[in-house]
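The residues making up each chain are set out below.
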Amino acid sequence: MSRPPVVDLIDVTRSFTGPPEVQALKSINLRVEKQDYLSIVGPSGSGKSTMLNILGLLDRPSVGEYYLDGALTSLAGEAERAALRGGKIGFVFQAFHLMPHRSVLDNVLLATVYSGVPRADRERRARAALHRVHLDHRIDFLPGTLSGGERQRVAVARAVVASPQLLLADEPTGNLDATTSGEVMDLFEELNADGLTLIVITHDKAVADRAGRTISIADGRVSETT
Amino acid sequence: MKLRMPRRGRAERGPAPDEAVDRGGAPLIARADRFSAQDLIVEASFGIGARPTRLIMTTLGTVLGIASLVVTIGFAQTAAGQIASQFDAVAATQVVIEPGSANSLNGKERATGSLPWDAPDRVSRLAGVELAGLVSEVPLDAVTITAVPVNDPSEPPTLGPALMATSAGLLDAVRGQLVTGRYFDVGHDARSDRVAVLGSRAAERLGINRVDSQPSIFIGDSSYTVIGIIDEVERRPDLLDSVIVPLGTARADFGLASPDELQIQIALGAGTIVATQAPIALNPNAPENYEVQAPSPGSALRENVQADVNIVFLILGVLALLAGGLGIANVTMLSVMERVGEIGLRRALGATKRNIAHQFMVESVVIGLLGGLVGAALGVFAVVVVSVMQGWAPVVDPWLAIGSALLGAVVGLLAGVYPAVKASNIEPIIALRGSN
Ligand SMILES: Nc1ncnc2c1ncn2[C@@H]1O[C@H](COP(=O)(O)OP(=O)(O)OP(=O)(O)O)[C@@H](O)[C@H]1O
Ligand SMILES: [Mg+2]
């Protein structure tokens, strides 16, 4: 029996009821296999974030089906979707979304709280995740004292600490310069090599080119550019 | 291919099988530790602790409200205790009977009846009467009371002590205390002996503090032997300023026509029955000719006093508490607005709506509880300090302190409902986009 794809979108449409009504995604079909590294490019307003929100179970398709890891997500209730977000999906945002009053370690620990990592295991795993993003020396710092690249690496550590199947990143290098964005991309490649499935939205051609596979969205429609 | 999600009634609770067993890489995750009560408390306390100054401002209204409630009720309890102790000791066991009076035609007050000389004997047979005694003021006219015979006409007349006449049993009926010597007895009374007992202040004025040498005082020109000094007359404090002689002596020497007042010490609660029966025992033909002062039945008086103290301050306290609750609701709402990004992040990390609502509820309950604790402590402190300064015994029910602290938590709970519901209804996609 073959492994189901991590992501399988079948004729997914997302429309926002207006007025005027906006069809942000139009009948999308997309398969992402395990350990794929996919980048999504497209002009502003083309529907990239909308797609990522659906993939991350933060939003639901208006029409069509989304199988995550072979399971039909439309059957899951709100609480179950929250559990899937906590356990199977990791997010990285352009704006980092770190909690300013809490240490680097606490920020990473926050993801273990909602994903059911056993209490006794949490700190060990948070430290391991920070080690993996090469931030052992910043564990007790507050986010405000870190550089942009370091902050995004903390966010990546938080995204992977609960061992998700799928990492979703929306413009992860949008606030970073070329050098620091290079650091983050290196990190993504390492994680991908370790078996993580990655979907990264980007404007940056250099970033998109490092992915194994690139799709572009224009006006809510997908075309593969590999 | 249709694979169903494992159905869980409440996915966020309890362990559930993870169907992704065959997938390499990601180790299995036990669900048992998903946002437990401990996590809830930790997350809420981080939320509260992040802004200590604001926390103080937020709790201020609740602190004031709870403190004023504790102070109000505490003082009411203290005052009630104070009043009760006085009422129980004196008023609740005291009946006073005087001859009735009416205004006569020439405008003067005229007694309509008179107390018989054997009044104490008559009423002491009634149920509920414990002790009884007669007391009467003796008009002195131009006669003065001195410790030495005065024969010096050039000396200016001084205002001497008053002269009182009582039955032998009066001292006990008014719960007086002997400082030294003895009170006169029925024999002195019957024989009209020239003996006198001094009130403590009168004794001081006359320069007499011992009676073992049988000192004499002079009422006019007649000498009287002092046999005792009394103090602590709760019901007739004017006796302390007086020279007291037996009723029989007053009748013989000063022509006293009839006694002024009958003092009766009764059993607690016997006020009503004694008040109706005593006038009949005194004069069966005209019991209406007496004025009776008896304790009001039950403790209606005391309750009135307490209710008067409570209502105004209680309303003020409740208003302050309301303001405090609105303050908490306001600040919690503000903090929800400020933390929209955080809420979106938590939802993305796997928090359910319910997790978010609980977090803000707990934050607001803890703020309320803190305000309640501080307010209760301040209130108790204020009651104790003021009471001690006034010389009262502070009475604060421990349940008042505990209950009011918990009331703070309840205020926080109510104040937190709306912000918590608002927070849990924030859409994560909007929350996460908002700060981009
Ligand atoms: N909640 C919403 N209600 C109505 N329209 C929306 C909503 N969210 C997105 N849209 C619309 O859907 C379209 C796609 O938006 P989306 O955010 O996915 O674009 P994007 O590709 O991520 O753009 P960018 O590169 O600027 O981030 C846009 O036209 C946007 O206005
Ligand atoms: Mg976008």
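What you are looking at is a predicted structure, and each value in this text was computed from that prediction instead of being measured.

With respect to the overall build of chain B
(1) Moving on: Of the regular secondary structure elements, chain B holds 13 helices and 13 strands.
(2) Moving on: Here chain B holds 436 residues, and 44% of them are scored as buried.
(3) Moving on: Summed over its atoms, the accessible surface of chain B is roughly 21,700 Å², and 60% of this surface lies on carbon and sulfur atoms.

Some thoughts on the packing of aromatic side chains
(1) Moving on: Counted by the stated rule, this structure contains three aromatic pairs over all chains.
(2) Moving on: Taking 4.8 Å as the distance between ring centres and 20° as the angle between the ring planes, the aromatic pair formed by Tyr114(A) and Phe35(B) counts as stacked. Residue Tyr114(A) is located in helix 3 (residues 104–115), and its partner Phe35(B) is located in the segment before helix 1 (37–49); the two belong to separate chains.
(3) Moving on: By relative accessible area, which is 0% here, Tyr114(A) ends up buried.
(4) Moving on: Residue Phe35(B) is classed as buried on the basis of its relative accessible area of 10%.
(5) Moving on: Ring plane angle 35° and centroid distance 4.5 Å describe the contact between Tyr183(B) and Phe184(B), whose orientation is recorded as tilted.

Considering the site of ligand 1
(1) Moving on: In the region of ligand 1, 13 residues are neighbours, and Ser44(A), Gly45(A), Lys48(A), Ser49(A) and Thr50(A) sit closest.
(2) Moving on: Ligand 1 is flanked by residues contributed from chains A and B.
(3) Moving on: Taking Lys48(A), its side chain carries an N or O atom lying 2.7 Å from an oxygen atom of ligand 1.
(4) Moving on: If one sorts the elements of the shell around ligand 1 by residue count, helix 1 (residues 48–55) of chain A sits on top with three residues.

Let's talk about helix 7 (residues 247–254) of chain B
All names here are of chain B.
(1) Moving on: Taken residue by residue, helix 7 has Leu-247, Gly-248, Thr-249 and Ala-250 as its buried positions.
(2) Moving on: In this fold, the buried residues of helix 7 make contact with strand 4 (129–138), strand 6 (162–166), helix 5 (186–191), strand 10 (222–231) and strand 11 (242–246).
(3) Moving on: Downstream of helix 7 by one or two residues, Gly-255 has phi in the positive range, about 65°.

Considering the pairing of strand 8 (residues 197–201) of chain A
All names here are of chain A.
(1) Moving on: Burial analysis of strand 8 places five of its five residues in the buried class, the great majority of the element.
(2) Moving on: Both faces of strand 8 are covered, namely the face carrying Thr-197, Ile-199 and Ile-201 and the face carrying Leu-198 and Val-200.
(3) Moving on: Summarising the sheet, strand 7 (residues 166–170) and strand 8 pair through five bridges and their orientation is parallel. Within strand 8, the position partnered with Leu-168 by the bridge is Ile-199.
(4) Moving on: After leaving strand 7, the chain enters helix 6 (residues 178–193) and then returns to the sheet as strand 8, a path that is right-handed.

Overview of the UniProt feature "transmembrane region" (unreviewed entry) in chain B
Residues and elements named next belong to chain B.
(1) Moving on: Those places that UniProt annotates as "transmembrane region" (unreviewed entry) correspond, in this numbering, to residues 55–76, 311–337, 365–393 and 399–421.
(2) Moving on: The annotated region residues 55–76 carries 100% helix and 0% strand content, and the separation between its end C-alpha atoms amounts to 31 Å.
(3) Moving on: In residues 365–393, helix accounts for 90% and strand for 0%; the two terminal C-alpha atoms are 34 Å from one another.

A short note on the pattern of salt bridges
(1) Moving on: Inspection of the entire model under this criterion finds 34 salt bridges over all chains.
(2) Moving on: Glu78(A) is the salt-bridge partner of Arg347(B), the closest N and O atoms lying 3.9 Å from each other. In this pair, Arg347(B) is assigned in helix 10 (residues 340–348) and Glu78(A) in helix 2 (residues 78–88), connecting two distinct chains.
(3) Moving on: Residue Arg236(B) pairs with Asp238(B) through a salt bridge whose shortest N-O separation is 2.9 Å.
(4) Moving on: Relative accessible area serves as the criterion here: at 15%, Arg236(B) is assigned to the buried category.
(5) Moving on: Since its relative accessible area comes to 30%, Asp238(B) is described here as partly exposed.
(6) Moving on: Via salt bridges that share partners, Arg102(A), Glu43(B), Arg339(B), Glu342(B), Arg346(B) and Glu363(B) belong to a single interconnected network.

Let's talk about the sheet that holds strand 3 (residues 37–41) of chain A
All names here are of chain A.
(1) Moving on: The sheet built from six strands is open, its strands ordered 6-7-8-3-9-10 with mixed pairing. Among the strands making up the open sheet, the edge pair consists of strand 6 (89–93) and strand 10 (221–224). Each strand of the sheet is rotated relative to its neighbour by a mean of 20°, with strand direction disregarded.

Things to note about the packing of helix 3 of chain A against helix 5 (residues 148–160) of chain A
Residues and elements named next belong to chain A.
(1) Moving on: With their axes 7 Å apart at the nearest point, helix 3 and helix 5 run at an angle of 30° to one another. Classified by the angle between their axes, helix 3 and helix 5 sit roughly parallel to one another. Note on packing geometry: the crossing formed by helix 3 with helix 5 is right-handed. Residues Val-104, Asn-107, Val-108 and Ala-111 of helix 3 lie in contact with helix 5, whose contacting residues are Val-154, Ala-157 and Arg-158.
(2) Moving on: Taken together, the residues of the contact of helix 3 with helix 5 break down into five nonpolar, one polar and one charged.

Overview of the confidence of the model for chain B
Residues and elements named next belong to chain B.
(1) Moving on: With 82% of its residues at a pLDDT of at least 70, chain B reaches an overall mean of 81.
(2) Moving on: Taken together, the stretch residues 1–30 has pLDDT below 50 and engages in 55 contacts with residues farther than four places along the chain or on a different chain.
(3) Moving on: Complex prediction metrics read pTM 0.66 and ipTM 0.94.

Considerations on the nonpolar core
(1) Moving on: Among the nonpolar cores identified, the biggest contains 88 residues, and Val7(A), Leu9(A), Met51(A), Tyr66(A), Leu130(A), Phe188(A) and Ile199(A) are the most heavily contacted of them.
(2) Moving on: Sorting elements by how many residues they give to this core places helix 3 of chain A first, with eight residues.
(3) Moving on: Discounting chain neighbours no more than four positions away, the residues touching Val7(A) are Leu30(A), Arg31(A), Val32(A), Leu55(A), Tyr66(A), Tyr67(A), Leu166(A) and Ile199(A).
(4) Moving on: Membership of the second largest hydrophobic core comes to 38 residues, among which are Leu126(B), Ala196(B), Val211(B) and Leu256(B).

Thoughts on the environment of Tyr37(A)
Residue and element names in this part refer to chain A.
(1) Moving on: The residue Tyr-37 is located in strand 3 in this model.
(2) Moving on: C-alpha of Tyr-37 to C-alpha of Phe-188: the two residues are 151 residues apart in sequence and 8.9 Å apart in space.
(3) Moving on: Filtering out sequence-adjacent residues up to four positions away, Tyr-37 remains in contact with Met-185, Phe-188, Glu-189, Asn-192, Leu-198, Val-200, Arg-210, Ala-211, Gly-212 and Arg-213.

As for the confidence of the model for chain A
(1) Moving on: Mean pLDDT for chain A: 92, with 99% of residues reaching 70 or above.
(2) Moving on: When pLDDT is averaged over each helix and strand of chain A, the minimum, 88, is found for strand 10 of chain A and the maximum, 96, for strand 8 of chain A.

Some details on the sheet that holds strand 5 (residues 71–72) of chain A
Residue and element names in this part refer to chain A.
(1) Moving on: The sheet built from four strands is open, its strands ordered 2-1-4-5 with antiparallel pairing. At either margin of the open sheet sits one strand with a lone partner, and together these are strand 2 (22–32) and strand 5.
(2) Moving on: Where strand 1 (residues 7–16) lies against strand 2, seven bridges are found, and the strand directions are antiparallel. When the sheet's bridge partners are listed, Val-7 is paired in strand 2 with Val-32.
(3) Moving on: Sheet contacts for helix 1: strand 1, strand 2 and strand 4 (63–68); angle to strand 1, the most-contacted strand, approximately 125°.

The rules behind the values
Residues numbered from 1 in each chain as written. Chains lettered and ligands numbered in written order. Predicted model: local features only at pLDDT ≥ 70, side-chain atom pairs only at ≥ 80, totals over all residues. Heavy atoms only, no water. Helix = DSSP H or I, 4+ residues; strand = E, 2+ residues; numbered from the N terminus. Buried < 20%, exposed > 50% of the residue type's maximum accessible area, 1.4 Å probe, protein only. Areas by Shrake-Rupley, 256 points an atom, 1.4 Å probe, with all protein chains shown as cover. Phe/Tyr/Trp six-rings, centres within 6.5 Å; stacked < 30°, edge-to-face > 60°. Near = heavy atom within 4 Å. Polar contact = N/O pair within 3.5 Å; in protein donor to acceptor, adjacent residues only side chain to side chain. Contact = heavy atoms within 4.5 Å. Pairing = 2+ DSSP bridges. Right-handed = clockwise from strand over helix to strand, strands pointing away. UniProt positions renumbered as here; feature names shortened; annotations may be inferred. Salt bridge = Lys/Arg side-chain N within 4 Å of Asp/Glu carboxyl O. Axes fitted to C-alpha atoms, helices over the stretch in contact; angles between N-to-C directions. Parallel < 35°, antiparallel > 145°, perpendicular 65-115°, else oblique. Left-handed = near helix turned anticlockwise from the far one by under 90°. Nonpolar A, V, L, I, M, F, W, Y, C, P; charged D, E, K, R; others polar. pLDDT = per-residue confidence, 0-100. Core = buried A, V, L, I, M, F, W, Y, C linked by side-chain atoms within 4.5 Å.

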